[in-house]
Amino acid sequence: SKLVGGDAEFNARALSKLLGGEKSAYRDMVLANTASVLYLHDGRELKKGVAAAQDAIDGGGANDLLERYKAHVA
């Protein structure tokens, strides 16, 4: 139930909070999914994949990437 989304405005706020570093079920799912993709892509250990995702979020890189994407498609 903690992963149920909402309308576009709700989901945008949730994404903004996640990329701002807020701890939540959404963040946990993103960390798990990212670690899984990195494992499948290059055999990275799951713990190292989680750490890489945490660094991308907490260091601001994930949010910067989203902002560049938004500027490109606008």
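Residues numbered from 1 in each chain as written. Predicted model: local features only at pLDDT ≥ 70, side-chain atom pairs only at ≥ 80, totals over all residues. Heavy atoms only, no water.

Caption draft 1: Representation of helix α3 (residues 46–58). Look at α3: 18 Å from first C-alpha to last across 13 residues, which is about the 18 Å you get at 1.5 Å a residue. If you check which residues of α3 are buried, you get Gly-49, Ala-53 and Ile-57. Within α3, the buried residues cover an arc of 70° as seen down the axis, which keeps them to one side. Within α3, the exposed residues directed more than 90 degrees away from the buried face are Lys-47 and Asp-55. Each element contacted by the buried residues of α3 is listed here: α1 (8–19), α2 (25–42) and α4 (61–73). Looking one or two places after α3, you find Gly-60, whose phi comes out positive at around 90°. (Helix = DSSP H or I, 4+ residues; strand = E, 2+ residues; numbered from the N terminus. Expected span 1.5 Å × (residues − 1). Buried < 20%, exposed > 50% of the residue type's maximum accessible area, 1.4 Å probe, protein only. Arc of directions from axis to C-beta. Contact = heavy atoms within 4.5 Å.)

Caption draft 2: Layout of the environment of Gly-59. As for its position among the elements, Gly-59 is in the loop between α3 and α4. Looking at Gly-59, the relative accessible area reads 62%, which means it is exposed. On a C-alpha basis, the gap between Gly-59 and Leu-19 in space is 9.6 Å, while along the polypeptide they are 40 residues apart.

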